[in-house]
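Examination of the molecular architecture
Residues per chain are reported as follows:
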Amino acid sequence: MSEIHISFDVPSYLIDHYYITGISSLILNLFVVYLIIYHSGKLDSYRFYLLAFQISCMLSDLHISIVAQPIGFFPIPAGYGYGIGHYLFSSHTMFKIFSFLLSGQIEVLTICFFRKHKAIMNLANPLGSSSAVYLCIYVMCGLYTCVMATSIFISAETREEQLRVLDNLYNSLSANFHTLDDFIYYVSNEKMMFSYGLIFGGTLKTAVIINILALRMVNGLKKVENRLSTNTLSRHRVALRCLILQFLTAPIAFIPACVLAIEIWFPNENSQQISRIAFMCMPTHSVFNSIVVVLTYPEFRKKLYFWKRKSTETTSVRVSWLRNSNS
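This is a predicted model, so every value here is computed, not measured.

Considering the overall build of the chain
For the chain, the helix and strand inventory stands at 12 helices and 3 strands. For the chain, buried positions account for 48% of its 327 residues. Across the chain, the fraction of contacts at a sequence separation of at least 24, relative to all contacts at a separation of at least 6, is 77%. Total accessible area computed for the chain in this model is approximately 16,900 Å², and 66% of it derives from carbon and sulfur atoms.

So this is what it looks like as structure tokens:
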């Protein structure tokens, strides 16, 4: 085994980034949740699916940026949680929760696509799509998240076994691991390989399904556009456009996880720094997703414009009042 140099110091810039991103994400996500609940009348029941995805994004990013704050020892598949969650949970538990939230976030987005697909397909053939079929698909999406999180849970070895493997593979670093109160090292075994397979398989599955659904929805709207009112057609197009843009921001959340896996399989001298950059990218996803939602839906843009105009008018009144008072 070639010599591996790993820093066990806590990078202050990474912790500062976690807090700044986490607080910014919370404020922006709560604002979007407010808009969805109180200013999305034209979205009908679909707004509950959009709300579910927004909340899943918020919880996922808050967990990694505030609760877990992972500190990795890449290219070794090891690390620990530095956030407030370490007072309540082990590092392994925090990683299991994060994998559940991240997978759930992707599956909720998939459900949103299926929900909008059902609505658009019903425009062409109201009797063509069974609600029971879609309900089964929703249940399967939820089960996949549970299976993936369970595979992570059962893949961990005992602390004694982890230290034994580290002593054998990384003898020069094992003393540092012995000094840590809590950490997780994922031993490369059949259980861990199964988890990797579920992660990459789930990512590929989602990409393929969403691309197929998006293409079908675009073609479906083209077929029925002459039979729909302008408002109805515009409403479906806006929702579809927002979904596609949300899907395009999703890689911000899961590509860093793929980068971490690559750094484990193909280690290099910069693996630890690359992993820290990946960790910095992960909690920014919901920020970009929130911006997409606000800028895509006309109802939300109008609300922002109303507030801006109201603020400008208030400022103008105050300036006028001050001028009159001085005169």
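Points about the packing of helix α7 (residues 190–224) against helix α9 (residues 251–265)
Remark: α7 packs on α9, axes separated minimally by 11 Å, with the N-to-C direction vectors making an angle of 140 degrees. Judged on the interaxial angle alone, α9 and α7 are oblique. Where α7 crosses over α9, the two elements pack in a sense that is left-handed. Each of Tyr196, Phe200 and Thr203 in α7 lies in contact with α9, whose residues at this interface are Phe254, Cys258, Ala261, Ile264 and Trp265. Of the residues in the contact of α7 with α9, the class split is 7 nonpolar, 1 polar and no charged.

Concerning the UniProt feature "transmembrane region" (unreviewed entry) in the chain
In this numbering, the UniProt entry assigns the feature "transmembrane region" (unreviewed entry) to residues 18–37, 49–74, 94–114, 135–156, 193–218, 238–265 and 277–300. Helix makes up 77% of residues 49–74 and strand 12%, with an end-to-end C-alpha separation of 37 Å. Structurally, residues 135–156 is divided into 95% helix and 0% strand, and its ends, taken at the C-alpha atoms, are 33 Å apart.

Thoughts on helix α1 (residues 12–38)
Between its terminal C-alpha atoms α1 stretches 39 Å, which fits the 39 Å expected from 27 residues at 1.5 Å a residue. Along α1, the residues classified as buried are Leu14, Ile15, His17, Tyr18, Thr21, Gly22, Ser25, Asn29, Val32, Val33, Leu35 and Ile36.

A word on the packing of aromatic side chains
Overall, the coordinates contain 13 aromatic pairs when judged by the stated rule. Ring-pair connections join several aromatic residues into one group, and the members of that group are Phe8, Phe73, Tyr80, Phe177 and Phe183. The aromatic ring of Tyr144 is capped on one face by Lys205, whose charged end is 5.0 Å from the ring centroid.

With respect to the sheet that holds strand β2 (residues 78–81)
Spatial ordering of the open sheet is given by β1-β2-β3, a layout of 3 strands whose pairing is antiparallel. Both outer strands of the open sheet, β1 (70–72) and β3 (184–185), are each paired with one neighbouring strand and no more.

Structural notes on the environment of Ala119
Assignment of secondary structure puts Ala119 in helix α3 (residues 91–124). Counting along the chain gives 98 residues from Ala119 to Met217, while the straight-line C-alpha distance between them is 9.4 Å.

A few points about the pattern of salt bridges
For the coordinates displayed, the defined rule picks out 4 salt bridges. We note a salt bridge from Arg237 to Glu225, for which the minimum N-O separation is 2.8 Å. Linking Arg237 in helix α8 (residues 230–249) with Glu225 in the loop between α7 and α8, this pair joins segments that are 12 residues apart in sequence. The exposure class of Arg237 is partly exposed, given its relative accessible area of 37%.

Examining the confidence of the model for the chain
Confidence in the prediction of the chain, expressed as mean pLDDT, is 84, and 90% of residues score 70 or more. A low-confidence stretch, residues 311–322 (pLDDT under 50), is modelled with 0 contacts involving residues beyond four sequence positions or located in other chains.

A look at the environment of Ser90
Checked against the element boundaries, Ser90 lands in the loop between β2 and α3. Ser90 sits in the partly exposed class, given a relative accessible area of 30%. Ser90 sits 92 residues away from Asp182 along the chain, and the two C-alpha atoms are 6.8 Å apart.

Brief notes about a nonpolar patch on the surface
On the surface, Tyr19, Ile23, Ile27, Ile84, Tyr87, Leu88 and Phe89 cluster together into a nonpolar patch covering about 790 Å² of accessible area. A relative accessible area of 48% means that Ile23 is categorised as partly exposed.

Considering the state of the cysteines
As used here, a disulfide is simply a covalent bond connecting the sulfur atoms of two cysteines. Taken as a whole, this structure holds 0 disulfides when the rule is applied. Counting only cysteine sulfurs, Cys57 is the nearest neighbor of Cys112, a cysteine outside any disulfide, at a range of 9.1 Å. Taking relative accessible area as the criterion, Cys112 reaches 2% and is therefore assigned buried.

What counts and how
- Residues numbered from 1 in each chain as written.
- Predicted model: local features only at pLDDT ≥ 70, side-chain atom pairs only at ≥ 80, totals over all residues.
- Heavy atoms only, no water.
- Helix = DSSP H or I, 4+ residues; strand = E, 2+ residues; numbered from the N terminus.
- Buried < 20%, exposed > 50% of the residue type's maximum accessible area, 1.4 Å probe, protein only.
- Contact = heavy atoms within 4.5 Å.
- Areas by Shrake-Rupley, 256 points an atom, 1.4 Å probe, with all protein chains shown as cover.
- Axes fitted to C-alpha atoms, helices over the stretch in contact; angles between N-to-C directions.
- Parallel < 35°, antiparallel > 145°, perpendicular 65-115°, else oblique.
- Left-handed = near helix turned anticlockwise from the far one by under 90°.
- Nonpolar A, V, L, I, M, F, W, Y, C, P; charged D, E, K, R; others polar.
- UniProt positions renumbered as here; feature names shortened; annotations may be inferred.
- Expected span 1.5 Å × (residues − 1).
- Phe/Tyr/Trp six-rings, centres within 6.5 Å; stacked < 30°, edge-to-face > 60°.
- Lys NZ or Arg CZ within 6 Å of the ring centre and 35° of its normal.
- Pairing = 2+ DSSP bridges.
- Salt bridge = Lys/Arg side-chain N within 4 Å of Asp/Glu carboxyl O.
- pLDDT = per-residue confidence, 0-100.
- Patch = residues over 30% accessible without salt bridge, like charges linked within 9 Å, V, L, I, M, F, W, Y side chains within 5 Å.
- Disulfide = S-S within 2.5 Å.

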